[in-house]
Amino acid sequence: MSSQRIRTGLVALGMLLSSAVVMPPATAATTDGGLADLPAVTPVMQCADVTGLDLSRAAGTTVTISSATVVTTGAPAPYCEVRGTIAPANTIVVRLPVDGWTQRYVQTGCGGLCGSANINYTQAATCAPIADGTIASATTDMGHQGQNDGSWAANNPQAQIDFAYRGVHLTALVAKALIKAFYHRPPAYSYFNGCSDGGREALMEAQRFPDDFDGIAAGAPANNMAVQNTFHHAWNVLANKDASGNFILLANKLPLIHAAVLRDCDNLDGLTDGLIDDPRRCDFDPTTLVCETGQEPATCLSPDEATVVRRLHDGAVDAQGRRLEPAIAHEWGSELEWTLFVPARQGQTVASENFALSYLRYLADPNNPRPTYQLSDLDFTVASFWQTVLPSSTYMAALDPNLRAFQRGGGKLLLWHGWNDQHISPQNTLLYYDAMRRTMGEKTVDRFAKLYLFPGMAHCGGGAGPNTFDVLTPVMSWVESGTRPGRIVAGNATRTRPAYPYPTVARYDGTGSVDDAANFVPTTPTTIRNDDNWVGQRLFSHGYQTTPRVVNGKLVPR
């Protein structure tokens, strides 16, 4: 349990805190940024002595510390880098400031299928306490190493459990125990920050282990992983193939399509700036680009190409048109990012194929790896949907909208997604947020969770829109001083633009540069209802999730 919640419980019971655990009072002074003004703390032991610590009790399994070294180069301040393993195979990396620790802990997630303990996380770099090196931090490879093709999961049920949720949770427990030993006090506040699979990890923590973190920032979460890495990415490839297996649409046509979308929809928000602030309002028709007689083919689309554009936008369906993923797989305005699945030439293997095959071969059927599985083996039917998705969704997906335990413990959640995400549709995040509001009530959710959508931003960064911003400081301020998140300013090389909690959007006030966030004001338009009419919508519910165990080398749900 995080120390902030321990503090809250003790106060409620009228008990005194132990002198060994010095906490800031509930009315602690705050900085201009809304963070608690915590005194800096120095270690009580040498970095090299960390290797002698026994942290196994914290994890309930063997913890081996392999190295502890002071790092002074390439960092804003010296830190003790600790590397170790949580049995059987969770590699962890922990960074402990050797001078001036401000009593905060931040754990960062990883992307893809993980496999490496990379502690650096771009979206956190703009957070001041991280930038100045005063925060303790940690990460994990989530129980496996090597290739990111899913083969690590073959006949390795424990690695699947560790990747699903165990690795991140045990890392939090061990890192906090290490921090307490190193400084003689636990963190005053603990946070998690991740995007993509890191966003799934973030939501898994809020759902399964609500006491691990006081605040969580979950970006572009892969929380619907079993659908995303099967039907979604497989459709990205197969919807663009002809009867001979050749690609129909190639990447050289994407700028043409994108320009046409902007001509139709860029000014829907009253400003022609190359960004669509809510693509759901765009009703682009690809058939308007179909070649007329005698037209140069490079300037238009064939009927088959136009059909592919529509299919890629709409997403996977069965032969009767029933949706096998949430409506709108790729938003209008994101076409320049479609190179993830639209190839530059025939014969190219696109990333979407690798994503889908990694999951379909080694993770979709937990106890039966299928290394020769091909995308053509996947049937786009309702029966196939449940046979493919449900076995791993019960423990791998992070779709449970009931976060009451996290909310009651004082936890704060900031969800965010880029509208131009080419990998994970923002519709998944919108539907999850809607499910939370239905399950817990709109007023309750509004008190502890916010959603931000960034126009023009691609997957976890990049894209045409401003895509560098700080989501962690707003979470910290919310936890530490009760300051609710409001405007978050995103930027790129040429432009800054504010984002506001959904459904509020930024509108130009009519004066000054359109590239300056200062010239935009919040406006709440009429909310568009998110279309939840798809086959797997009941996955966004509470009660079907399992906590599997390993029995005789097999993964057994319970």
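Thresholds applied
- Residues numbered from 1 in each chain as written.
- Predicted model: local features only at pLDDT ≥ 70, side-chain atom pairs only at ≥ 80, totals over all residues.
- Heavy atoms only, no water.
- Helix = DSSP H or I, 4+ residues; strand = E, 2+ residues; numbered from the N terminus.
- Polar contact = N/O pair within 3.5 Å; in protein donor to acceptor, adjacent residues only side chain to side chain.
- Core = buried A, V, L, I, M, F, W, Y, C linked by side-chain atoms within 4.5 Å.
- Buried < 20%, exposed > 50% of the residue type's maximum accessible area, 1.4 Å probe, protein only.
- Contact = heavy atoms within 4.5 Å.
- Phe/Tyr/Trp six-rings, centres within 6.5 Å; stacked < 30°, edge-to-face > 60°.

Considering the arrangement of structural elements, one finds T473 in helix 14 (residues 472-481). Along the chain, T473 and L35 lie 438 residues apart, while their C-alpha atoms are 8.0 Å from each other. Polar side-chain contacts of T473 include one of 2.4 Å to the side chain of D470.

As a rule of thumb, soluble globular proteins bury nonpolar side chains together. Grouped together as the largest cluster of nonpolar side chains are 128 residues, with contacts concentrated most on L96, F385 and L413. Here the element with the most residues in this core is helix 4 (residues 157-183); it accounts for 14 residues. Those residues in contact with L413 that lie beyond four places of it in its chain are L203, I216, A218, L403, F406, M436, F448, A449, K450 and W478. L35, L38, L414 and A499 belong to the second-largest nonpolar core, a separate cluster that totals 25 residues.

Here the focus is the packing of aromatic side chains. Going through the model one piece at a time under the given rule, you end up with 20 aromatic pairs. Aromatic side chains W101 and Y183 sit 4.2 Å apart centroid to centroid with 20° between the ring planes, which places their arrangement in the stacked category. Here the residue W101 occupies a position in the loop between strand 3 (90-97) and strand 4 (104-108), and Y183 occupies one in helix 4, the gap between them amounting to 82 residues. Each member of the pair, W101 as well as Y183, carries the same accessibility label: buried. For the ring pair Y433 and Y502, a centre distance of 6.2 Å and an interplane angle of 85° mean the geometry is edge-to-face. Note that Y433 is positioned in helix 12 (residues 426-440) and Y502 in the loop between strand 11 (496-499) and strand 12 (505-508), a separation of 69 residues in sequence.

Such coordinate-based values are descriptive only and should not be taken to indicate function.
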